[in-house]
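Structure at a glance
Read off the chains here:
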Amino acid sequence: MKLAALTLNQKLAIVAVALGTLALFSVPHRGPVVTLDTRELAQIVEKEVDHVTPSELAGWIVQGRSDYRLVDLRTESDYAAYHIPTAENVTVAALPEFPFQRTEKIVLYSDGGIHAAQAWMLMQAQGYRAVYTVLGGLEGWKDDVLYPALPAQASAAERARFERAAALSRFFGGEPRAEGGAAVPATMELPKLAAPVPSGAVSPVAPRKKKKEGC
Amino acid sequence: MSSDYRPAAMPGSGRPASPYWNPYLAGIGLGLVLLAAFVLVGRGLGASGAFSSTVAWLVNLVAPAHAQSNEYLQGYLGDGTTHPLKAWLVFEVLGVMAGALFSGLLAGRARIAVEKGPRVSTALRLLCAFAGGILMAFGAHLARGCTSGQALTGGALLNLGSWAFMLMVFVGGYSVAWFMRWQWR
Amino acid sequence: MAPFYKYGFFGDEMSLVLAFVLGTGFGFFLERAGFGSARKLAAQFYLYDMSVFKVMFTAIVTAMLGVTYLGWLGWLDLSLVYLVPTHLVPQIVGGLVLGVGFVVGGYCPGTSVASLATGRIDGFVYAFGIGAGTLVYAEVFPWIKGFVNSNGMGQVTLPEVFDLPWGLVVFVVVLIAVAGFSAATLVERRFGDKA
């Protein structure tokens, strides 16, 4: 049978079957194996643009900003005991399956910095670009936001900065440590979850989002 | 194909309406638009959601307290920070109107008319259209999508629910077709 | 890497502009196929014109092959394309009700928009009916909510359910479509003379 003798519909059918047959060998879903642009990642790490300082984060929470998602990577029991206000709990193990949007700004933290940094790498591998970690993790949050300390022989500028930090600290239910360290609590207890955030300033529940997808 | 239903001419245009396209070429065009939607925005085409947004918006205008307490409408109103009509499907459906009108004018098929068989009165045909719309709304909401959002979009993505749905649309249609033949033949 | 929107290449405003542009294409091809006319659409259920089946399955096969090849090339991340969650029983019931509504009214939501845009009064009344039905549905939703949300299986595809390779399912769908098209043409010849 000559090709020219076929009708348009028959030609289309042949093309469809040919493409369908070739598709037998296809692997359209991306597997767990990925390639990363290591130079680009090294640049990001070098320039430290992937960090959010605890004070910056505290500022965002006070302002009630909602253009980012704060993710607590620790275990559920740790999360229940204390977490930074507005954070949601996603353990590292659950992270690869968690349905984040690629366009979302995601801020990760764990106890120290290591888990968050490793999770950051996981997220990069999955193609998430707007991922940040809280500098120093929850430890950094305690030191800088909850229990800021005024250094001995502080300059006027340092004092002014401490006053601002102290206000922020009280907002989150912490306790600023003034000169001499007399007020340093022995154990640095974390504040009780129920008390710290004054209602009205930050809404603990996410706003009801409009249905965005589906028919 | 000799059996094709031929469109009627646009009155006063002085030229016959063009025949419809080869269904396979129209289908390829439709498939490429759908593929473009997947690639550009990561979602398929739809239609029924735009009706839901419009209804939610209208109810919110007339009885805001009622609309906001209704769980279904609330999903289309959101938290009030954006306009209910500022939704993807609303803009898409506006595009459908523009595209269909453009094609209809180009082919001389756009005209004020009622599509019906010769044996049925216009009033009865319109009553059926209204009743069919109500049924369609229920079916589409139960199934989480209509022929565009479920069958077409989900069909191409090999979505399990969409294929089950599509099969049942044909089953439902063929099972009542005989009883409704007076409307069309 | 696509989908471009989900990778943040453009924002919400641009996605709405694209919605309009994509909709224009959708409406254009619907009208080209003849789907602005209820008689053409209803003919599917009386077997003398199988255009609904032909156009729909051609579109499905085209887009399916498209996502398969783009995914294979690594240009499209299929996991980011929104999939309507499967609730089998509500979707089966919904499909039946919708099929009945299709034959009674002559349109589906998308085609009714195409028909009202080209001046069909029945298409306009039908669209009005969808609005009325949506209003009633919203009112009864609290009572049927349990049913609508039953049988939740999440976002699941045929290859996952039957544990088959994606490519094999694509191949089978293409074969069924092509065989279906020839069968549909034979059916049209058989029932066409009655039109």
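Residues numbered from 1 in each chain as written. Chains lettered and ligands numbered in written order. Predicted model: local features only at pLDDT ≥ 70, side-chain atom pairs only at ≥ 80, totals over all residues. Heavy atoms only, no water.

**A word on the packing of aromatic side chains**
Enumeration over the complete set of coordinates arrives at 25 aromatic pairs over all chains. Seen from their ring centres, Phe138(B) and Tyr137(C) are 5.5 Å apart, and the 80° between their planes marks the pair as edge-to-face. A residue pair is termed interchain when its members come from two chains, as with Phe138(B) in helix H6 (residues 122-142) and Tyr137(C) in helix H6 (residues 121-148). Relative to Phe141(C), the ring of Tyr137(C) has its centre 5.8 Å away and its plane inclined at 45°; by these criteria the two rings are tilted. Placement of both Tyr137(C) and Phe141(C) in helix H6 is noted, with a separation of four residues, approximately one turn of the helix. In this structure, Tyr137(C) and Phe141(C) share a single accessibility class: buried. Aromatic ring contacts, followed pair by pair, group Tyr24(B), Trp163(B), Phe53(C), Phe57(C) and Phe181(C) into a single cluster. Geometry around Tyr132(A) places Lys105(A) over its ring, the cationic atom sitting 5.5 Å from the centre. (Phe/Tyr/Trp six-rings, centres within 6.5 Å; stacked < 30°, edge-to-face > 60°. Helix = DSSP H or I, 4+ residues; strand = E, 2+ residues; numbered from the N terminus. Buried < 20%, exposed > 50% of the residue type's maximum accessible area, 1.4 Å probe, protein only. Lys NZ or Arg CZ within 6 Å of the ring centre and 35° of its normal.)

**Topic: a nonpolar patch on the surface**
All names here are of chain C. Side chains of Met153, Val161, Phe162, Leu164, Leu168, Val172 and Ile176 sit close together on the surface and give an oily, nonpolar patch of about 600 Å² of accessible area. Broken down by element, the nonpolar patch gets its largest block of residues, three residues, from helix H8 (residues 166-192). Along the chain, Ile176 turns up in helix H8. (Patch = residues over 30% accessible without salt bridge, like charges linked within 9 Å, V, L, I, M, F, W, Y side chains within 5 Å. Areas by Shrake-Rupley, 256 points an atom, 1.4 Å probe, with all protein chains shown as cover. Salt bridge = Lys/Arg side-chain N within 4 Å of Asp/Glu carboxyl O.)

**Let's talk about the interface of chain B and chain C**
Taken together, the contact pairs 119 residues of chain B with 131 residues of chain C. Around 11200 Å² of area is buried between chain B and chain C when both sides are counted, 75% of it from carbon and sulfur atoms. Contact with chain C buries area across many residues of chain B, yet Arg144(B), Leu158(B) and Trp184(B) alone supply 7% of it, more than any other trio. Summed over the shared surface of chain B and chain C, the number is five salt bridges. A salt bridge links Glu13(C) to Lys86(B); the nearest nitrogen and oxygen atoms lie 3.0 Å apart. (Contact = heavy atoms within 4.5 Å. Buried area = accessible area lost by both parts, 1.4 Å probe.)

**Notes on unusual backbone geometry**
In this structure, Leu158(B) is a non-glycine residue whose phi angle is positive, near 60°. Relative to the elements of secondary structure, Leu158(B) occurs in the loop between helix H7 (147-156) and helix H8 (160-177). Residue class for Leu158(B) comes out buried when judged on its relative accessible area of 0%. A positive phi angle is found at Asn151(C), which is not glycine, with a value near 60°. Locating Asn151(C) in the fold gives a position in the loop between H6 and strand E2 (152-154).

**Some points on the pattern of salt bridges**
Counting across every chain of the model gives eleven salt bridges over all chains. Residue Arg74(A) is joined to Asp72(A) by a salt bridge in which the shortest nitrogen-to-oxygen separation is 2.9 Å. One exposure class covers both Arg74(A) and Asp72(A), and it is buried. Of the charged contacts in the structure, one is a salt bridge between Lys54(C) and Glu188(C), with a shortest N-O distance of 3.0 Å. Residue Lys54(C) is found in helix H3 (residues 51-72), and its partner Glu188(C) is found in helix H8; the two are separated by 134 residues along the sequence. Salt bridges sharing partners connect three or more residues here, namely Asp72(A), Arg74(A) and Asp111(A).

**Brief notes about the packing of H8(B) against helix H4 (residues 88-105) of chain C**
One way to put it is that H8(B) packs onto H4(C) with a least axis distance of 6 Å and a crossing angle of 40°. For the crossing formed where H8(B) meets H4(C), the hand is right-handed. On H4(C), the residues touching Leu160(B), Gly161(B), Ala164(B), Phe165(B), Met168(B), Val169(B), Val171(B), Gly172(B), Gly173(B), Val176(B) and Ala177(B) of H8(B) are Leu88(C), Gln91(C), Ile92(C), Gly94(C), Gly95(C), Leu96(C), Leu98(C), Gly99(C), Val100(C), Phe102(C) and Val103(C). Looking at the contact of H8(B) with H4(C) residue by residue, the classes come out as 15 nonpolar, seven polar and no charged. (Axes fitted to C-alpha atoms, helices over the stretch in contact; angles between N-to-C directions. Left-handed = near helix turned anticlockwise from the far one by under 90°. Nonpolar A, V, L, I, M, F, W, Y, C, P; charged D, E, K, R; others polar.)

**Things to note about the nonpolar core**
Membership of the largest hydrophobic core comes to 108 residues, with the highest contact counts inside it found for Phe38(B), Leu158(B) and Tyr46(C). With 14 residues, the single largest contributor to this core is H3(C). Leu57(A), Val134(A), Val145(A) and Tyr147(A) belong to the second largest nonpolar core, which has 20 residues in total. (Core = buried A, V, L, I, M, F, W, Y, C linked by side-chain atoms within 4.5 Å.)

**Looking at the domain arrangement of chain A**
All names here are of chain A. Its domain assignment divides chain A into domain 1 (38-142) and domain 2 (147-183). Each of domain 1 and domain 2 was reduced to a C-alpha centroid, and the two centroids are 26 Å apart. Across the boundary between the two partners, domain 1 contributes seven residues, which contact four residues of domain 2. Of the roughly 470 Å² buried at the junction of domain 1 and domain 2 (both faces included), carbon and sulfur atoms supply 82%. Three residues stand out in domain 1 for area buried against domain 2, namely Ala58, Val62 and Lys142, and they jointly supply 64% of the buried area on that side. If you look at where domain 1 meets domain 2, you find zero salt bridges. On the surface where domain 1 and domain 2 come into contact, there are one residue pair in polar contact (both at pLDDT 80 or more). (Domains from an automatic or database assignment. Polar contact = N/O pair within 3.5 Å; in protein donor to acceptor, adjacent residues only side chain to side chain.)

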